[in-house]
Amino acid sequence: MAAVMRMATPFRRRLVSLHRFVFTSLGRESSHAAAVRATAVHWRYSVAETEVPVARRLYASVASPVINVNEKPNNSATIDQLSSDSALADLLKQLDDQVRRWGRVDKEHVHRLLSLVTKHGSVSTQQSIMVLKCTGSLLVKESPSERNALFEKAKSVLQSVGAEVNVQVYNAMLRAKLENKQPFSPVEVLSELEMEKHLLPNRVTYQLLLSKFCEKGDIEGASTILEHMKSQNLPVNEIIFNALVKGHVTKGDISGAKAVLTTMSESGMDPTADTYKTLMCGLAEKGDIAGVQECIKEAERASIKFYGRHLYDVVVSMASNGQNEGIDEILSQIKEKVSRYNQDALNCIFQLVAEGHDDIAYRVFSAMDHSRFQGQPGQSPCTTLMRIMIIKGRPVEKVLEIRNKLQTDNKFSVSLEEIANLAFHYQHSGYALKVLEAMKKEGCDIKQHYFWPVLKDAAESRNVKGAMEAVAGLVKCMEGKDDLVVGTIFRWAIKPLLLKGEPLETLVSGVRDAGLPEAEVEMLKIAGLLSLGKLEEVAKLINAGTKFSPAILKSELVQSFSQSKFNSVELIKVIQAAQSQLPSHFIDAQSGVLLGNLKTPLTQATATKLVTEWINADLKLFRNFEKPVKLELQRLGVASEVIQKMNSLFVDQLQEQISTEELKKASIEEMEQRLERSKGFRVPILERTLLLKYGRAGMVEKADSLKRVLDQRGFIYGPDILRTLGTLAAKDKKNLEEALTYKQQLETEHPSFGSYAILVLHIANLQLKAKKFEDALSTMQRFSSLHLSNLQKSGAADGYINADLCRSLLVTCSEEFEAAKVHQLCDFLCQNGFVKEDTFSLANQVMIAYIKKGDADEILAVLENYITKLNKAPQFSEVFRILIEKEDADRLQKAVDLVATVSGEMSTLLHLVASFIECNKIRQARKVLETPGLRALTKPLTEACERFLNSDKEKELEQLVECTKTLQGIDRDEMLLQLMRLYAKRKDTKKLMEVFSLYEEERIRPRPRTLRYVAKVLESQGQHAPFEVPSAEQVLEESPQPASSDTLETAAQDAFKEKDVAKIMEIKEKMDAQGEELSSKFVTNVARFLLTRKDNQMFRKFAHQLAESGDTAGLLAIRKLTLSKNLDQFVHQRLFLAYLYKNKIEELLDYLKENPEHLSKYLTMTGINLLNEKKPELLPSLVSIIETHYEKSDKSLIAGLLYNFYMINAKTEELDNLLKKYPAIKDRVRLSYVCQVARRLQKEDMLQKVIEIHQCDNPRRLIVPFNQMLLLKCDQGDWISALDCYKSALKSGLTFEDLWVRSLQTLASLLTGNGQPLPWQPGMLEKRAASESSSARKPDISSSSSSDDDSSSDSEKEEAKEIPKSNKIQNTRKPDAV
C-alpha cells in the first residue's frame, strides 16, 4: 500500500503544517532562576491559567486543575450551561458571541446584564465570574476609570442578590481591578484571605498578586509570592514569567527582563508571542523603539507568530506614554506580517479614543486593510471611528477634522448625514445641531428622521423645553418644507407630551415660538384636538377653512371608538368637514376610518347607530371595502336591512377574487355502495370512476369484473382509463401482451394523448425481465418519438416524476444484463426525455452494476465520466472499498485524485480513512490521518458513522471513533454520540455509559442534545440519568460552529464584497460537496444584505440551499434576524428540512413535542414527505405531535397538512381515521394545493376523490377540483372525458360562471379541434373573458376570502416559483404551504 500512503504527499505541500505542542518537564535552574524557582511539575499541569486570548478561555472554569488551551470552544464550558434564566442565558450567549468574534463587550450590554441579574434575584458562581469579567479590559471602548465605575456597580448588584463569593469570584474581582489599573495591596489581600478560612488562595490568586507587584516593578514582592507558591507546590507557568518580564521592564532592568526569557527556555518553556509582547510594551513605554524592533526580529528567528492584538497593544502603550514617534513603524510591521487584524485594529482604536488619542486612532485606521470592507455598507471601520468619537463626546470640530482627513488622505467618503444621524442618536441636540450647521454650509439635504431620537427622548422625559429646542432646530433645518415636518412634530413630540398631561395651548405656543409657520401650527392644533377627542372643535376649525393633515386625521379617527372619547355624530361631522375640503381624495381615508372602528369592540347598538348615521350622511366608501365592512357588521349583529342600505355607498367596484380550500377523500367502499343503490340503472360516471380507482389501487379482480360489465354495454373507454388498465396489466398482472394491447389502443384511438409514460416504462420493465433488451428500447423509443414534447413539458413541471421508475428499470437491467447494458439504458432514458440527465440516483445504479462486475478499469472509467458530466462522484466509498480489498494502490490513488476534484481533498481523505477501517486496514487509516494539515470535517465523518451504524458494524464504528480521536478539529461529542447510538440500538446501556464516561476522562463537554439523548435511552431502559437533563429548547438553540475552508470562505467573502450572491451560492455548493459549511457569521451577513436589498427571492433560495446542505447553525443564526412574518416562517420551515438532511430531526421533534404551539412555523408538506422518505419510523411521532397541537389549538390548519399527505400518498386508511377522529377538519382544509398536485402528477383518482367527498358540501367547494379535473382532461387530449367533466360540474351545482375562463377556453379549443360543438351559448365565454380582463386590472384586497379559487396562496406561489427543484424529494417538491 505504499502508493496509497504516498498519495498524501502533494496534499501535504498544500496544507499548513500542524503545530506540535511538546510538553516537557521544567528543566534545570539558571542563575537568574533562583528568583522564580520553578517547580518540577509536568508542563501539562501548568498550562491551566495560561493567558491565552480571553475569547478562547473566558468561560473556562478557573477551579479546574487542567485546561487545554488548544481545546476547541465546543469542548469548553459555555455560557448557556451557566444560566438558569432564559433572558439571562440569551444575553450571556450574546456576550459570548461578542467576545469570541471581536474580543470586546459593550457597556450597554453590561448594564442590561446587571439589570437582568437584579430582576432575577439570584446568580450562580459562574454567572458572577462572567459579570465581573465583563467589567475589565473587555470594555475596550471605556477608560479605566469608567470601567472601574461599572465594576463597583457590578459588585453592588452581586452583593444585593446575595451572590456567593468563593475564591474564583474573588479572583475575578482582583483581575478586574488589575485590568482597570485600580490600586490594591497584594499583602493586604493575602492577609484578608488568611482571615477568611473558606477563601483559600489558589494559583490564579497568586498569579494576580504577583502581577500586581510586577506592575509596580516590585520584584522583591513578586519573589514573596513565588515563595508562597513554592511552599504549596504550585507550578510556575507562562503567566508568571510574563509578569516577571513586566516587573523587570517597569523597574528599568531590561537585561533582567531578557534573562527571564532565557530562564523560560532553560525551564522547558519557550517564550511565546505574549511574552515578547509584554517585553515590547515595556520597551515602548520607555521610548526604546529600536528595542521593540529587535524583539520583533528575535521572535521571527524563534518562529513565533504575532497576531494583530500583540502589536496593537504596543501601539497603545506608546500612545499612553507619549511615545508617538515610532508608531508608524509598528503599524507598518502589522500590515506586513499579520493577516486578519481588522478587529484587533478596531479594539486599538476604541482604546485610543477612550483615552483621548484621536490622532493616533486616525493613524491606526489609516493603516488598516480597508479592502476587506468594500461592498459592506455600514460595516466600514470609518463609520465605526466616527461613531466612537461621537459617543465619547469628542468636540464636533475634531470629529469634522478627522472626517475631512479620511476623505483627503484615504479617499474614504463619510457623509455628514451619517455623522448627523450618529450625533442625534448618541449626543444632545446642541451637539447634533452643530453638525447640521456644517451640513447646511455644504448644501446637504437635512432629513426629518435625524430629529426623531432627540424628540423622543425629550417627550419621554417630559422635557418640553428640550423638545421645543429640537423642534426649532428641525424647523430651521427644514426651512421651506414646513408641511412635511408637521407629522414628525406631532408623532414624536406633541402627542407623547399630551399623553403625559402637558396642556395643548402650551405646546401650540411652543411650536409657534420655534418658528413654525402659522398654517402648520393650526394643523398641529387640529391634530392635538383630535388626540384629545375634541371632535366638535375640530369640525368647526375645518369648516372655517383651517388646513389639516389627512394622514393624521385618518390615523386618529381609525380607532376612535376603542378610545371611548368619540361619538358617531361628532365623528361624521369631522369626516363631512374634511370631505368639504377634499371631496374626492378623502374617500379612501374615510373607508379606512369606518372599517377600523368596526373592528373595535363595539356593541350592536353602537355599531348600528354609527352605520345608520353614516348612511344618512351619504359618506361614500370604496368597493374593495364592501366585503370586509359587511363581514364586520354581521359579526357585530347589525340587522341585514341596515347592511343592505349600505349598497348605495360603495363606489368603484372591484372584481372579487376567490381564495383556495382543500378537500377530503372518499373510499372505494362508499362508491361501491352508491353503485349498489343505483339498482341496475346505468351510472356511467360512477362506473367509470370506480374502474379507474380499481385500476390505480391494483384491485385486479374487481377491475376485470367491472370491465366485463362495461364491455357488454359497449362502453367507450377514454385514454385515461386505457392508460390505467394498461398500467394495471403491466404492474400488477405482469401480463406483457395485455399491456401492449392497451398501449396500441392509445396510439390508434387517441394519438394526441401523450400522458402514459408510466405505462410505457412498466411495459419496458416486463420486457427487460423477459430478457428483451432491444424490445424495451424500441417501446420507449416509439413513445418518445411520438410524445417527446409531452415528456419535456411534464418533466419541467414536476421534476420528472418517472425517476424512481427509471431507477427500477436499471435495477431490473442489472439483474438480467451486464453492466454495459445498464449504462446504455441509463443514457437512453436521459437522451429520450424520460428522466433528467443529472439524476444522481440513476448514476448510483449504474455504478453499482459496474462495482458488482468488479472490473477496476471500467469502474474508474465510469466514475471519471460521471464526475466530468455531473460534477458528482456516485458510490465512491464503495469504489474505495473495492480497490482496497484488491490492494490495487495505483488505481486507488487515481480514484482518490478523481473524487478529490469534486469532494475536496480533506473530505476525500476522511472517506478514505473510513474505507480503510471498513476493510480492517487500521494501520493505513492511521497513516492517512497523519497527513500534515488534515483536519476534521463533520459531514464525511458523520456519513461514515451513519453507514457503519445502519449496517450494524460495531467494530468498524469503534475503530473510526478511536482513530480520529486526536484529529485536529475533531468534534468528539459528535463521534462519541454516534457510538452511543449504536449501543442504544442494541439496548446495551452498559457500553453506552462506558462511552459516556469518556467525556469526563477526555474533558469533553457534552452538548445538551447528547445529554438529552443519553437520558432518554436510560429512561427507556428504566434507569435514571446521573445528570440534570437539558430542555428541548436548549438542545435546539445550541448548534456547533461549522468547520470551513479558509480558501473557500475567503472566496465567498470576496464574492460578497462584489455583492455577487449567486457566486456565493456556487461556492456554497462546492463547500457542501467537500463537507464544509460557511461560518454562521458570514451566513448572517449574506442574509442581512439580502434583506436590506429586499431581494426576498434570492433570500429564499439562499435559505433553501442552507437547508439542503443541513446547515442548521446558519439557519438558526438567520432566524435571529428581524424578518417579516412570511420570511420568518420560511426560515423555520427550512430549519425542519435542515434537521432532516443533517439526520438530527429527532432533536427538533423532541422540541416540538414539548412546544406543539410552534408546529405551524416549522411544518410543511415538503417536510412531511421528506420525513416519510428519510425517517418513516418517525412519522407516527410527528402525527402524534400534530394531533396534540390540533386538540390544544383553535383547530389549526396544521391538520390540513396531514390530510394532504395522506391524500397525495394514497394512505386511504389513515385519512379515513383522521376524518373520523377530527370531522371539523373537513370545513377547514384548503383544496387548491392537493388539487394542483393531483393535476401536476396526473392523478385523476385524487381529484375524483375530492369531488366525491365534497359532493354534499357547499357546491362552491367543488370549484377548484372540477376546474383542475377539467384542465387535466384537456391536457390529456380526451375531449369526451373533458366534456363529461364539464357536465358533471354543472350537475353538481356549479354554474357556468363558477368555471374558470382558462378552463373553459382550454375546453373550447379541444372541442373545436375535434370538430365538436360548444356546450354553451355563442358569445358567453367571450363576454366573460372580456369582463374579467377588464376587472383584473383593478386592485383587489378581497383575495383573502374563504372560498376556493384557481390559485395558490402567495407563499405557495413564491415557493413554487423560487425554491430550486431537487431529486431528493420526488413528486412533492412544490409549494410547502398548506
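Calculation criteria
Residues numbered from 1 in each chain as written. Predicted model: local features only at pLDDT ≥ 70, side-chain atom pairs only at ≥ 80, totals over all residues. Heavy atoms only, no water. Helix = DSSP H or I, 4+ residues; strand = E, 2+ residues; numbered from the N terminus. Buried < 20%, exposed > 50% of the residue type's maximum accessible area, 1.4 Å probe, protein only. Salt bridge = Lys/Arg side-chain N within 4 Å of Asp/Glu carboxyl O. Phe/Tyr/Trp six-rings, centres within 6.5 Å; stacked < 30°, edge-to-face > 60°. Lys NZ or Arg CZ within 6 Å of the ring centre and 35° of its normal. Axes fitted to C-alpha atoms, helices over the stretch in contact; angles between N-to-C directions. Parallel < 35°, antiparallel > 145°, perpendicular 65-115°, else oblique. Left-handed = near helix turned anticlockwise from the far one by under 90°. Contact = heavy atoms within 4.5 Å. Expected span 1.5 Å × (residues − 1). Nonpolar A, V, L, I, M, F, W, Y, C, P; charged D, E, K, R; others polar. Core = buried A, V, L, I, M, F, W, Y, C linked by side-chain atoms within 4.5 Å. pLDDT = per-residue confidence, 0-100. Arc of directions from axis to C-beta.

(A) Broad picture of the overall build of the protein. Looking only at helices and strands, the protein has 76 helices and two strands in total. Taking all 1378 residues of the protein together, 56% fall into the buried category.

(B) Structural view of the pattern of salt bridges. A complete count under the given rule lists 51 salt bridges for this structure. The closest approach of N and O atoms between E887 and K921, which form a salt bridge, is 3.3 Å. A residue pair is termed long-range when its members are at least 10 positions apart, and E887 in the loop between helix 48 (876-885) and helix 49 (889-903) and K921 in the loop between helix 50 (905-918) and helix 51 (922-929) qualify at 34 residues. For K1016, the salt bridge identified is with D1150, shortest N-O distance 3.9 Å. Taken as a pair, K1016 in helix 56 (residues 1008-1020) and D1150 in helix 64 (residues 1145-1154) lie far apart in primary sequence, 134 residues in all.

(C) Summary view of the packing of aromatic side chains. One pass over the full model with this rule turns up seven aromatic pairs. Ring geometry for Y1151 and Y1162: centres 6.4 Å apart, planes at 75 degrees, overall edge-to-face. Of this pair, Y1151 sits in helix 64 while Y1162 sits in helix 65 (residues 1159-1162), and the two are eleven residues apart along the sequence. Among the residues examined, Y1151 registers a relative accessible area of 6% and is labelled buried. Here Y1162 falls in the buried class, since its relative accessible area comes to 2%. Three or more aromatic residues joined by ring pairs make a cluster, and in this case those are Y1286, F1296 and W1320. The ring of F1130 has R1100 sitting right over it, with the charged end atom 4.7 Å from the ring centre. Note that R1134 overlies the ring of F1130, its terminal NZ or CZ placed 4.2 Å from the centroid.

(D) Up close: the packing of helix 13 (residues 238-251) against helix 14 (residues 254-266). Contact pair helix 13 / helix 14: the axes reach a minimum separation of 7 Å and the direction vectors enclose 165 degrees. Relative to helix 14, the element helix 13 lies roughly antiparallel. Between helix 13 and helix 14 lies a crossing of right-handed hand. Side by side, helix 13 and helix 14 meet where E238, F241, L244, V245, H248 and V249 of the first sit next to I254, G256, A257, V260, L261, T263 and M264 of the second.

(E) Geometry of helix 54 (residues 972-985). Here helix 54 contains 14 residues, and its C-alpha end-to-end distance of 20 Å stays within 8% of the 20 Å for a straight helix at 1.5 Å per residue. Judged by how many residues are buried, helix 54 sits mostly within the fold: 13 of 14 residues are covered. Phi for K987, located one or two positions after helix 54, is positive at around 60 degrees.

(F) Representation of the packing of helix 42 (residues 757-769) against helix 44 (residues 803-816) within the structure. Relative orientation of the contacting elements helix 42 and helix 44 amounts to 10 degrees, with a least axis distance of 9 Å. Judged by the inter-axis angle, helix 42 sits roughly parallel to helix 44. Judged by residue contacts, I758, L761, H762, A764, N765, L768 and K769 of helix 42 engage L805, C806, S808, L809, T812, C813 and E816 from helix 44. In terms of residue class, the contact of helix 42 with helix 44 is made up of eight nonpolar, four polar and two charged.

(G) Structural detail: the environment of M975. Positionally, M975 belongs in helix 54. The sequence separation of M975 and E962 amounts to 13 residues, and the corresponding C-alpha distance is 9.2 Å.

(H) Structural view of the nonpolar core. Ranked by size, the top nonpolar core spans 173 residues in total, and within it L385, M386, L406 and M646 carry the most contacts. Considering each element in turn, this core owes the most residues, nine residues, to helix 27 (residues 482-499). M780, A914, I970 and L977 belong to the second-largest nonpolar core, a separate cluster that totals 125 residues.

(I) Local environment of the environment of V862. Note on placement: V862 falls in helix 47 (residues 856-870). Overall, V862 belongs to the buried group, its relative accessible area being 5%. Separated by 15 residues in the primary sequence, V862 and M847 place their C-alpha atoms 7.2 Å from one another. For V862, the residues in contact, after removing those within four places along its chain, are H823, V846, M847 and Y850.

(J) Fine view of the environment of E556. Tracing the backbone shows E556 in helix 31 (residues 550-558). Each C-alpha atom, one on E556 and one on G528, is 9.8 Å from the other, the two residues being 28 residues apart in sequence.

(K) Quick peek at the confidence of the model for the protein. For the protein, mean pLDDT is 75; residues scoring 70 or higher make up 79% of the total. Long-range and interchain partners of residues 653-666, a stretch whose pLDDT sits below 50, account for 94 contacts in this model, where long-range means more than four residues apart. For residues 1337-1378, every residue scores under 50 in pLDDT, and the model assigns this stretch 133 contacts once sequence neighbours within four places are set aside.

(L) Region of the structure containing unusual backbone geometry. Not every positive phi belongs to a glycine, and K771 is a case in point at roughly 65 degrees. Here K771 lies in the loop between helix 42 and helix 43 (773-798). In the Ramachandran plot, N920 falls in the positive-phi region, its phi being about 60 degrees despite a non-glycine side chain. Mapped onto the fold, N920 is located in the loop between helix 50 and helix 51.

(M) Structural detail: the side chain of K398. Here K398 is to be found in helix 22 (residues 396-409). You can call K398 buried: its relative accessible area is 17%. If we ignore the near neighbours within four places in the chain, the residues touching K398 are D358, D359 and M389.

(N) View of helix 28 (residues 504-513). Turning to helix 28, its buried residues number three or more, namely L504, L507, V508, G510 and V511. One face of helix 28 carries all of its buried residues, which in axial projection span an arc of 160 degrees. Turned more than 90 degrees away from the buried face of helix 28 sit E505 and D513, all of them exposed. Backbone geometry just downstream of helix 28 places G515 in the positive-phi region, at approximately 100 degrees.

(O) Focus on the side chain of H1132. One can find H1132 in helix 63 (residues 1125-1141). Ignoring any residue separated from it by four or fewer positions in sequence, one finds H1132 in contact with R1119, K1161 and Y1162.

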